Amino acid sequence: MNIPQELKYTKDHEWVKIDGDIATVGITEFAQGELGDIVYVEVETVDETLEREEVFGTVEAVKTVSDLFAPLSGKIIEFNESLEDEPEKVNNDPFGDGWMVKIQLANPSEVDDLLTAEAYKDIVGN
């Protein structure tokens, strides 16, 4: 299983890439594998400011619907609109073209609370 070292992770199986005060967020390879074929990604929180762990959207797979939780507090500034027509990008490239949102961080110190790749590996038993 691919768990890139340069990313941060949450216990809810989301990955976070930090670039200055912008966090790019998606779900991990483990999460997309557990969900199965993803058929729809819904994010209606663009331009909203959310607290860490608030729901920012949902991902629908053939067998279930799961909430997506903000890993960090801040304003949702962008949704990967290509997922509207090609939600399978989350399955095919979860750490690349399958990213979901970008968040402008309200409290950059929260990044320190995220999991390292090693800590995430322990959670998923890799």
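These figures come from a predicted structure and were not determined experimentally.

K.L.:
Describe the nonpolar core, naming the residues involved and giving the relevant values.
P.N.:
Ile27, Val41, Phe56, Met100 and Val101 are the most contacted members of the largest nonpolar core, which totals 26 residues. At the level of elements, strand 3 (22-27), helix 1 (29-35), strand 4 (38-42), strand 6 (55-61), strand 8 (74-79) and strand 9 (101-105) are the ones that each hand at least two residues to this core. Contact partners of valine 41, with chain neighbours within four places excluded, come to Thr58, Val59, Phe79, Leu83, Pro87, Val90 and Met100.

K.L.:
Any details on the pattern of salt bridges? Residues and values, ideally.
P.N.:
In the structure shown here, the tally under the stated rule is 4 salt bridges. Note that aspartate 113 is salt-bridged to arginine 52, the shortest N-O span being 2.8 Å. Of this pair, aspartate 113 sits in the loop between strand 9 and helix 4 (117-124) while arginine 52 sits in the loop between strand 5 (49-50) and strand 6, placing them 61 residues apart in sequence. Of the residues examined, aspartate 113 reaches a relative accessible area of 51% and is grouped as exposed. A relative accessible area of 32% places arginine 52 in the partly exposed class. Residue lysine 121 pairs with glutamate 118 through a salt bridge whose shortest N-O separation is 3.5 Å. Of this pair, lysine 121 and glutamate 118 are both found in helix 4, 3 residues apart, which corresponds to roughly one turn of the helix. With a relative accessible area of 45%, glutamate 118 lands in the partly exposed category.

K.L.:
Any details on the UniProt feature "modified residue: N6-lipoyllysine" (unreviewed entry) in the protein? Residues and values, ideally.
P.N.:
According to UniProt, the positions carrying the feature "modified residue: N6-lipoyllysine" (unreviewed entry) are Lys63. Relative to the elements of secondary structure, lysine 63 occurs in the loop between strand 6 and strand 7 (65-69). Not counting residues within four places of it along the chain, the set of residues in contact with lysine 63 comprises Glu34, Leu35 and Gly36.

Conventions we followed
- Residues numbered from 1 in each chain as written.
- Predicted model: local features only at pLDDT ≥ 70, side-chain atom pairs only at ≥ 80, totals over all residues.
- Heavy atoms only, no water.
- Core = buried A, V, L, I, M, F, W, Y, C linked by side-chain atoms within 4.5 Å.
- Buried < 20%, exposed > 50% of the residue type's maximum accessible area, 1.4 Å probe, protein only.
- Helix = DSSP H or I, 4+ residues; strand = E, 2+ residues; numbered from the N terminus.
- Contact = heavy atoms within 4.5 Å.
- Salt bridge = Lys/Arg side-chain N within 4 Å of Asp/Glu carboxyl O.
- UniProt positions renumbered as here; feature names shortened; annotations may be inferred.

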